[in-house]
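Given next are the chains, with one letter for each unit.
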Amino acid sequence: LAMPSWLKFAAASMHQRMLELRGLTTKDIEPPDLTDREREILVWACRGKTGNETAEILKISDRTVEFHFQNAMRKLRVHNKFHAIAIAIHMGLIVP
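Now for a quick tour of the structure. (Residues numbered from 1 in each chain as written. Predicted model: local features only at pLDDT ≥ 70, side-chain atom pairs only at ≥ 80, totals over all residues. Heavy atoms only, no water.)

To continue, consider the layout of surface pockets. When its volume is computed, the largest pocket comes out at roughly 270 Å³. Ala45, Cys46, Lys49, Phe82 and Ile85 are, among the 16 residues lining the largest pocket, the residues nearest its centre. (1 Å grid on protein atoms, 1.4 Å probe; cavity = no way out; pocket = protein on both sides within 12 Å on 5 of 7 lines; lining within 4 Å. Points joined across faces, edges and corners; volume = space filled by probe spheres on them.)

And the structure:
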């Protein structure tokens, strides 16, 4: 049984909050320098768009969407897309 997207996002947000409560906050960390395209892809993902849908909207390939998403995840130091979205919102890099 697959976990719903909203639950994955909520779990990533809760994880971030737990880190803050333990004194491991990201608020004092300088936000990474995401490119405009990386932020744009994160915003579309935040709005529930798949990689394929984002590629169609932006008129780029699925591979290019994945490339930018992977770069954003690396810069944000996260291991999944839901955590990347949560951290990007938390750091003020994107607005849902």
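Now for the nonpolar core. In summary, soluble globular proteins display a tendency toward joint burial of nonpolar side chains. Core analysis: the largest hydrophobic core is formed by 20 residues, its most contacted members being Leu42, Phe69, Leu76, Val78, Ala84, Ala88 and Leu93. The set of elements that each furnish at least two residues to this core consists of α2 (36-46), α3 (51-58), α4 (62-76) and α5 (81-90). For this core, the element with the highest residue contribution is α4, accounting for 5 residues. Beyond its immediate chain neighbours, meaning those up to four positions away, Val78 contacts Met73, His83, Ala84 and Ile87. (Core = buried A, V, L, I, M, F, W, Y, C linked by side-chain atoms within 4.5 Å. Buried < 20%, exposed > 50% of the residue type's maximum accessible area, 1.4 Å probe, protein only. Helix = DSSP H or I, 4+ residues; strand = E, 2+ residues; numbered from the N terminus. Contact = heavy atoms within 4.5 Å.)

Attention now goes to a nonpolar patch on the surface. A cluster of nonpolar residues, Met14, Met18 and Leu21, forms a patch on the protein surface that exposes about 320 Å² of accessible area. Locating Met18 in the fold gives a position in helix α1 (residues 5-21). (Patch = residues over 30% accessible without salt bridge, like charges linked within 9 Å, V, L, I, M, F, W, Y side chains within 5 Å. Areas by Shrake-Rupley, 256 points an atom, 1.4 Å probe, with all protein chains shown as cover. Salt bridge = Lys/Arg side-chain N within 4 Å of Asp/Glu carboxyl O.)

Attention now goes to the packing of aromatic side chains. Taken as a whole and assessed by the stated rule, the structure comprises 0 aromatic pairs. We note Lys81 situated over the ring of Phe69; from NZ or CZ to the ring centre the distance is 5.0 Å. (Phe/Tyr/Trp six-rings, centres within 6.5 Å; stacked < 30°, edge-to-face > 60°. Lys NZ or Arg CZ within 6 Å of the ring centre and 35° of its normal.)

Packing of α2 against α5 brings their axes to within 10 Å, and their N-to-C directions diverge by 110 degrees. Regarding the angle of α2 to α5, the classification is roughly perpendicular. The crossing of α2 and α5 is left-handed. Touching Leu42, Ala45 and Cys46 of α2 are Ala84, Ile85, Ala88 and Ile89, all from α5. Grouping the constituent residues of the contact of α2 with α5 by class yields 7 nonpolar, no polar and no charged. (Axes fitted to C-alpha atoms, helices over the stretch in contact; angles between N-to-C directions. Parallel < 35°, antiparallel > 145°, perpendicular 65-115°, else oblique. Left-handed = near helix turned anticlockwise from the far one by under 90°. Nonpolar A, V, L, I, M, F, W, Y, C, P; charged D, E, K, R; others polar.)

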